[in-house]
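# Structure assessment
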Amino acid sequence: MGVYDFEVLKDGAVIAAEQTVALPDTRAAWPKIAELAKAFDEPGHKIRVKDEAGGIVILIGVTALRRCANAVSTGFRPHLQVGVSGTMSKQQ
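All values reported here derive from a predicted model rather than from experimental measurement. Here the residue index of a chain counts from 1 through its sequence in written order. Since the coordinates come from a predicted model, pLDDT governs what is reported: local features require at least 70, and pairs of side-chain atoms require 80 or more to be given and counted, while whole-chain, interface and lining totals use all residues. Side-chain calculation: all heavy atoms of the structure are included, whereas hydrogens and water are not.

## Here's the deal with the environment of isoleucine 15
Secondary structure elements follow DSSP: runs of H or I no shorter than four residues count as helices, runs of E no shorter than two count as strands, and numbering proceeds from the N terminus. The topology assignment puts isoleucine 15 in strand E2 (residues 13-23). Remark: the alpha-carbon pair of isoleucine 15 and histidine 45, spanning 30 residues in sequence, is separated by 9.4 Å. In this description, contact between two residues means that some pair of their heavy atoms is separated by no more than 4.5 Å. Excluding anything up to four places from it in sequence, isoleucine 15 contacts Val8, Lys10, Phe40 and His45.

Next up, the structure:
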């Protein structure tokens, strides 16, 4: 279990934040990120998630998130995926 801070950014400035959200792991952050993306659905907005130490664990633009969600909901599988190490790797 970890504690995470969620921030919505516009032009690098924090315009909304929700702090100390307890989650079992970073994968559990995606529903909250989707909720924030719906609330702040404008080009240029980014969502940043930080861990207890203040390190950035997720940083994604709202537009990119929307495109990924559309790809998953339509069954489209992109040719690149994030590997376990967090680096980009080609899907086999």
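Additional details are given in the paragraphs that follow.
## Focus on the side chain of histidine 45
Relative to the helices and strands, histidine 45 is located in strand E3 (residues 45-50). When residues no more than four places from it in sequence are discounted, the contact partners of histidine 45 are Leu9, Lys10, Ile15, Phe40, Gly61 and Val62.

## Quick look at the confidence of the model for the protein
With 74% of its residues at a pLDDT of 70 or more, the protein has an overall mean of 80. Residue range residues 73-92 is modelled with pLDDT below 50. Its contacts to residues more than four positions away, or to other chains, number 16 contacts. Residue-level confidence of the predictor is what pLDDT reports, using numbers from 0 through 100.

## Some words on the environment of lysine 46
Its place among the elements puts lysine 46 in strand E3. Exposed residues in this analysis have more than 50% of their type's maximum accessible area, buried residues have under 20%, and partly exposed residues fall in between, with area computed by a 1.4 Å probe over protein chains only. You can call lysine 46 partly exposed: its relative accessible area is 39%. Considering only alpha carbons, one finds lysine 46 and isoleucine 60, 14 residues apart in sequence, at a separation of 5.5 Å. If sequence neighbours within four positions are ignored, lysine 46 has contacts with Glu7, Val8, Leu9, Leu59, Ile60 and Gly61.

## Quick look at the pairing of E2
When a strand is regular, its side chains alternate between the sheet's two faces. Here eight bridges tie strand E1 (residues 2-10) to E2, and the two strands are oriented antiparallel to one another. Counterpart to glycine 2 in the pairing with E2 is leucine 23. Between the antiparallel neighbours E1 and E2 lie two residues, among them aspartate 11 with a positive phi of about 55°. Strand pairing follows a simple DSSP-based rule, namely that at least 2 bridges must link the two strands.

## Here's the deal with the nonpolar core
Membership of the largest hydrophobic core comes to 16 residues, with the highest contact counts inside it found for Phe6, Leu23, Ala29, Ile33, Ile47, Val49 and Ile58. Elements supplying a minimum of two residues to this core: E1, E2, helix H1 (30-39), E3, strand E4 (56-61) and helix H2 (62-74). The nonpolar core is taken to be a set of buried Ala, Val, Leu, Ile, Met, Phe, Trp, Tyr and Cys residues, with the residues joined through side-chain atoms within 4.5 Å.

## Observations concerning the side chain of glutamate 7
Positionally, glutamate 7 belongs in strand E1. Whenever two N or O atoms come within 3.5 Å, that pair is a polar contact, provided that in protein one can donate a hydrogen and the other can accept it, and provided that, for residues adjacent in sequence, both atoms are side-chain atoms. A distance of 2.7 Å separates the side chain of glutamate 7 from the side chain of arginine 48, its partner in a polar contact. Leave out the neighbours within four places in its chain, and glutamate 7 touches Val14, Ala16, Ala17, Lys46, Ile47, Arg48 and Lys50.

## Describing the sheet that holds E1
With respect to topology, four strands assemble into an open sheet ordered E2-E1-E3-E4, the strand pairing being antiparallel. Every other strand in the sheet has two partners, leaving E2 and E4 as the edge strands with one partner each. The sheet shows a mean angle of 15° between the axes of neighbouring strands, taken without regard to direction. Axis definition: a line fitted to C-alpha atoms, over the contacting stretch in the case of helices. Angles run 0 to 180 degrees between N-to-C directions.

## Thoughts on H1
Taken residue by residue, H1 has Lys32, Ile33, Leu36 and Ala37 as its buried positions. All buried residues of H1 lie within an arc of 140° about the axis, which places them on one face of the element. More than 90 degrees from the buried face of H1, the exposed residues found are Pro31, Lys38 and Ala39. Arc definition: it is the arc formed by the directions from the helix axis to the C-beta atoms.

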